[in-house]
Amino acid sequence: MTDQIPSKTHQTQLRLDYLAKGYASFINRLKQLFFNGYAGLVYLFLYAPIILLVVYSFNESRFPTYWTGFTLQWYRVLFDDHLVGAALKNTLIVATSSTIISTIIGTMIAIGVERYRFRTKPVVDGLLIMPIIIPDIAMAIMLLVFFKLIKMNLGLYTIIIAHVAFNISFVAIIVRARMATLGTAMEEAASDLYANEWQTFWRVTFPLLIPGILGGALFAFTLSLDDFVITNFTSGPGSTTLPVRIVGMTRRNITPEINALSTLMLISAMTLVPLSLWLQRRAKMS
Amino acid sequence: MTVPAVELVNVIKHFGDVVAVNDVNLKIEDGEFFSLLGPSGCGKTTTLRMIAGLETLTSGEILLRGKAIGQTPAFKRPVNTVFQNYALFPHLTVERNVAFGLEMHKIPKEEIKKRVAEALDMVLMGDLSRRRPNQLSGGQQQRIALARALVNRPEVLLLDEPLGALDLKLRKAMQLELKQLQEQVGITFIYVTHDQEEALTMSDRIAVMDEGKILQIGAPQEIYEHPNTRFVADFIGETNFLEGTVSDINGEAIDVSLDDHTIVKAHSDLSVQKGQKVGVVIRPEKINLASSGMVEGKVLEIIYIGTDTRYVVQLKDNTSITVREQNLNSTQANKYKRGDKVGLNWDPANAQVLKK
Ligand SMILES: Nc1ncnc2c1ncn2[C@@H]1O[C@H](COP(=O)(O)OP(=O)(O)OP(=O)(O)O)[C@@H](O)[C@H]1O
Ligand SMILES: [Mg+2]
């Protein structure tokens, strides 16, 4: 008797466990289904407009309501558009020069903050992320006021300065992360092998930082390419960049030409961003 | 007497509140294989890094062949380091890694080439000169790190647990190889390890450290046979420790009375007084088991370990004493059974008196 009671409760327990397990797995499957479906919806929501945009850039019809046939004519229109051409040229000038300048300054800041101890370090640290957390619009207005104050005419130069201002932070943070993972062991080994600070930097630190620096530069370039808010506030006549131009074009009408242009920008971003990420990942592995 | 290769004078290092190295004095002779031995966190690496110039001194001075170098930056010190994690440059080939120090010294290209090849041959890595560090095994990286340091013919080579990351078998082989290499090149080695066996087999002299202080410096045999503190005795090999008071003094021969009034015969290099509380250190292999003896107890445990048998004997006051007997014949291990009453004897010269 005394034996049976525990064994019976044991059996009941087992059965309950079994049921509980079954129930749990059922709920799990339901959850999975729900989340898979949910994820699917999110993806659809994210990517449907992009797919539509790309598809309609090849649509013969002027209106995005009907599919009337495949054409490359909008791309032709786009390439013949002198205003778009000028805007593209400006965009590339701004992106290239602001990338170069912000990469140099950002890298120097990263090295300074990461390798040297000084009293104002927390302040510098804080200032470094400011441009990232300040809303674009606030930054745009601040820069505009600043340029007005120093009586600088708005044009390509002011856009470049503005882009440098926000890009420095991104470059510095990416390069800093790379430095932090590198540690000081390599630099110590170099100084142990008779390299002075200068030699240590150029022979060891810098080569090891290159992936991070390139990653940061690519990131800056991408940000610069599609910035609208800050550029819009700091550009003057004749210094329109592509994003600003596109917004201007959509004021009148959304034409398939804009679809074509957006598609091209999408493609460039889709190659640049993964490239930047890949460089950073490669840096981490070595 | 010649000038020591390296001398540390009252060296102190603080990291904030942490005292990593606490008033260390050391003289390391030219051509010596010198080991810094101690438990984790005792300040070995910090000491080594201060000699390399990678860490500043809080106070004190370091002399290299009699010249003060405490304030000299690392890159100007004729000293090289083999780092624990090797710290090979991942972006350079093996060859360029080894050439690095020579290039910094602006040695002519031809000579660099020759010396790098020699160094790689010396560590048996001549075939791998074009590889990158991440294409090498741990043991190979270790050899390259060694070549990269030795190629510069430093006055002193610093090694921070260079064999720590290798498996046991490779470590044993490398110990012998390192020792031979050191004798061959004649460079002073300062070797950091927390492995007492490694220190004993390789070193000319050992400094045992604990909590930033050096407890004892001496040849392996001296440290093993005549530890000056219980810590050193415990850290270097297995040991037994008895406590009592001095009951009789006869030159260096000392009688120590244990708490249960058993008299134990021992030996002391230090001057002690009658009635003084002392400890007696005796190694397990220096004790003989018999049916009766100086100290008596009963067998608590018998552990057969092939070459030896280990007996744990419990004394009347409950102290456990470990005894090692060599298994000279196949039935040796059966001589005593658990619970047997046994006596322990030893040559008083092998029992070391320590002040408390
Ligand atoms: N950069 C540092 N900042 C603060 N404390 C440190 C620093 N380097 C070492 N210490 C401290 O100094 C003490 C000695 O460290 P050290 O690295 O010299 O020990 P070790 O003997 O080499 O130990 P291990 O065998 O674990 O390598 C430790 O308490 C350690 O925490
Ligand atoms: Mg260490």
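Participant: Please provide a residue-by-residue account of helix 6 (residues 156-182) of chain A, values included.
Facilitator: Residue and element names in this part refer to chain A. Helix length check: helix 6, at 27 residues, gives a terminal C-alpha distance of 37 Å against a target of 39 Å (1.5 Å per residue), a fit within 8%. At asparagine 167, helix 6 shows its maximal bend, which comes to roughly 30 degrees. Trailing helix 6 by a residue or two, glycine 183 shows a phi angle of about 70 degrees, which is positive.

Participant: For the interface of chain B and chain A, give the residues involved together with the corresponding values.
Facilitator: Taken residue by residue, the interface counts 25 residues in chain B and 16 residues in chain A. With both sides pooled, the region where chain B packs onto chain A buries about 1,900 Å², and carbon together with sulfur makes up 64% of that total. For chain B, the biggest contributors to the area lost against chain A are B:Phe75, B:His91 and B:Met104; these three give 30% of the whole. For the interface between chain B and chain A, the tally reads two salt bridges. Notably, a salt bridge pairs B:Arg49 with A:Glu188, separated by 2.7 Å at the nearest N-O pair. One can count seven residue pairs in polar contact (both at pLDDT 80 or more) joining chain B with chain A. Among the secondary structure elements, those contributing two or more residues to the side of chain B that touches chain A are helix 1 (44-52), strand 6 (79-82) and helix 2 (94-104) of chain B. Counting residues per element, the side of chain B that touches chain A draws most heavily on helix 2 of chain B, at five residues. Looking at the side of chain B that touches chain A residue by residue, the classes come out as 13 nonpolar, six polar and six charged.

Participant: Give a detailed account of the pattern of salt bridges, specifying residues and quantitative values.
Facilitator: Residues and elements named next belong to chain B. A full pass over the atoms with the stated rule returns 24 salt bridges over all chains. Close ionic contact of glutamate 155 with arginine 65 constitutes a salt bridge, the shortest N to O distance being 2.7 Å. Residue glutamate 155 is found in the loop between helix 4 (138-150) and strand 7 (156-160), and its partner arginine 65 is found in the loop between strand 4 (59-64) and strand 5 (67-68); the two are separated by 90 residues along the sequence. For arginine 65, a relative accessible area of 38% corresponds to the partly exposed category. Residue arginine 130 pairs with glutamate 95 through a salt bridge whose shortest N-O separation is 3.0 Å. Taken together, the residues span a long stretch of sequence, with arginine 130 in the loop between helix 3 (109-122) and helix 4 and glutamate 95 in helix 2 at a distance of 35 residues. Look at arginine 130 and you get exposed, because its relative accessible area is 65%. Salt bridges sharing common partners tie together Glu238, Asp308, Arg310 and Arg324.

Participant: Summarise the packing of aromatic side chains; cite the residues concerned and give the values.
Facilitator: Under the counting rule described, the total for this entry stands at 15 aromatic pairs over all chains. With 6.1 Å between their ring centres and 10 degrees between their planes, A:Tyr43 and A:Tyr47 make a pair best called stacked. Here A:Tyr47 and A:Tyr43 lie together in helix 1 (residues 4-56), a separation of four residues that amounts to about one turn. Taken together, A:Trp198, A:Phe201, A:Trp202 and A:Phe206 form an aromatic cluster joined through their ring pairs. Against the face of B:Tyr224 rests B:Arg283, its NZ or CZ located 4.0 Å from the ring centre.

Participant: Outline the packing of helix 2 of chain B against helix 4 of chain B, listing residues and values.
Facilitator: All names here are of chain B. The interhelical angle for the contact between helix 2 and helix 4, taken along N-to-C directions, is 30 degrees, at an axis separation of 7 Å. By the angle between their directions, the pair helix 2 and helix 4 is classed as roughly parallel. The two elements helix 2 and helix 4 meet at a crossing, and its hand is right-handed. Residues Val94, Asn97 and Val98 of helix 2 lie in contact with helix 4, whose contacting residues are Ile144, Ala147 and Arg148. Its residues assigned to classes, the contact of helix 2 with helix 4 comprises four nonpolar, one polar and one charged.

Participant: Provide a residue-level description of the domain arrangement of chain A, including the pertinent values.
Facilitator: Residues and elements named next belong to chain A. Looking at the assigned domains, one finds that chain A contains domain 1 (1-56) and domain 2 (77-285). Here the C-alpha centroids of domain 1 and domain 2 sit 45 Å apart. Taken residue by residue, the interface counts four residues in domain 1 and five residues in domain 2. Buried area between domain 1 and domain 2, both sides added, is near 380 Å², and the carbon and sulfur share of it is 70%. For the interface between domain 1 and domain 2, the tally reads zero salt bridges. Here domain 1 is connected to domain 2 by zero residue pairs in polar contact (both at pLDDT 80 or more). For the side of domain 1 that touches domain 2, the residue count by class is four nonpolar, no polar and no charged.

Participant: Explain the nonpolar core to me, using residue names and the numbers behind them.
Facilitator: Counting residues in hydrophobic clusters, the biggest one holds 53 residues, and the most contacted among them are B:Val6, B:Phe89, B:Phe100 and B:Ile190. Tallying contributions element by element places helix 8 (residues 197-225) of chain A first for this core, with six residues. In this view, B:Ile190 contacts B:Val6, B:Ile28, B:Phe34, B:Leu36, B:Leu48, B:Ile51, B:Val156, B:Leu157, B:Leu158 and B:Leu159; residues no more than four positions away in its chain are not counted. B:Tyr86, B:Leu88, B:Val116 and B:Ala149 belong to the second-largest nonpolar core, a separate cluster that totals 34 residues.

What counts, and where the lines are drawn
Residues numbered from 1 in each chain as written. Chains lettered and ligands numbered in written order. Predicted model: local features only at pLDDT ≥ 70, side-chain atom pairs only at ≥ 80, totals over all residues. Heavy atoms only, no water. Helix = DSSP H or I, 4+ residues; strand = E, 2+ residues; numbered from the N terminus. Expected span 1.5 Å × (residues − 1). Bend = angle between axes of the 7 residues up to and from the residue. Contact = heavy atoms within 4.5 Å. Buried area = accessible area lost by both parts, 1.4 Å probe. Salt bridge = Lys/Arg side-chain N within 4 Å of Asp/Glu carboxyl O. Polar contact = N/O pair within 3.5 Å; in protein donor to acceptor, adjacent residues only side chain to side chain. Nonpolar A, V, L, I, M, F, W, Y, C, P; charged D, E, K, R; others polar. Buried < 20%, exposed > 50% of the residue type's maximum accessible area, 1.4 Å probe, protein only. Phe/Tyr/Trp six-rings, centres within 6.5 Å; stacked < 30°, edge-to-face > 60°. Lys NZ or Arg CZ within 6 Å of the ring centre and 35° of its normal. Axes fitted to C-alpha atoms, helices over the stretch in contact; angles between N-to-C directions. Parallel < 35°, antiparallel > 145°, perpendicular 65-115°, else oblique. Left-handed = near helix turned anticlockwise from the far one by under 90°. Domains from an automatic or database assignment. Core = buried A, V, L, I, M, F, W, Y, C linked by side-chain atoms within 4.5 Å.

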